[in-house]
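Tertiary structure, described
In case you want the letters, here they are:
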Amino acid sequence: MLEMTREEFEELVAEALDRIPPELTRLMDNVAVFVEDEPSADDPELLGLYEGTPLTDRGEWYAGVLPDRITIYRGPTLRICETRADVVAETEVTVVHEIAHHFGIDDARLHALGYG
């Protein structure tokens, strides 16, 4: 398995977020991004997870709720990557994939776009 500290991985996630076009990041609302070492034992190969209410599903009732949560998992990402460049690319795809869920884009569409 490729070695990378949590701090190094968090920096790659931050860099991936910085590459999201500003016109999209301005539209993101009430969402926080986290890095965790491992997902739950139920899905040990999970690279990222979006938890919340997509923007497309929010209505008048949406107020005073906790932020949506995007979690990027370090362990599974490092296990599938062979080089640092692979980690950079995979992290960027995973960040975009989870942000797309925040915008209401489903897995089928993401796979068709190459972000599966």
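Under an unreviewed UniProt entry, the protein chain has the name Metallopeptidase family protein and belongs to Streptomyces lannensis.

M4, F9, V13, I72, V87, V95 and I99 are the most contacted members of the largest nonpolar core, which has 17 residues in total. Of all the elements in the fold, those that place two or more residues in this core are α1 (6–18), β3 (68–73) and α4 (84–102). No other element matches α1, which puts four residues into this core. Sequence-distant contacts of I72, defined by excluding residues within four places in its chain, comprise F9, V13, F34, V35, E36, L47, G48, T94, V95 and E98.

Quick look at the environment of G48 now. Position of G48 among the secondary structure elements: in strand β2 (residues 48–51). It is 9.4 Å that separates the C-alpha atoms of G48 and E36, two residues lying twelve residues apart in sequence. Setting aside residues up to four positions removed in sequence, G48 forms contacts with T71, I72, Y73, T94 and E98.

A complete count under the given rule lists eight salt bridges for this structure. Residues R6 and D37 are paired through a salt bridge, measuring 3.6 Å at the closest nitrogen-oxygen approach. Here D37 lies in the loop between β1 (31–36) and β2 and R6 lies in helix α1, a separation of 31 residues in the sequence. For D37, a relative accessible area of 31% translates into the label partly exposed. Three or more residues joined by partner-sharing salt bridges are found here, namely R6, E10, D37 and R74.

Parameters at a glance
Residues numbered from 1 in each chain as written. Predicted model: local features only at pLDDT ≥ 70, side-chain atom pairs only at ≥ 80, totals over all residues. Heavy atoms only, no water. Core = buried A, V, L, I, M, F, W, Y, C linked by side-chain atoms within 4.5 Å. Buried < 20%, exposed > 50% of the residue type's maximum accessible area, 1.4 Å probe, protein only. Helix = DSSP H or I, 4+ residues; strand = E, 2+ residues; numbered from the N terminus. Contact = heavy atoms within 4.5 Å. Salt bridge = Lys/Arg side-chain N within 4 Å of Asp/Glu carboxyl O.

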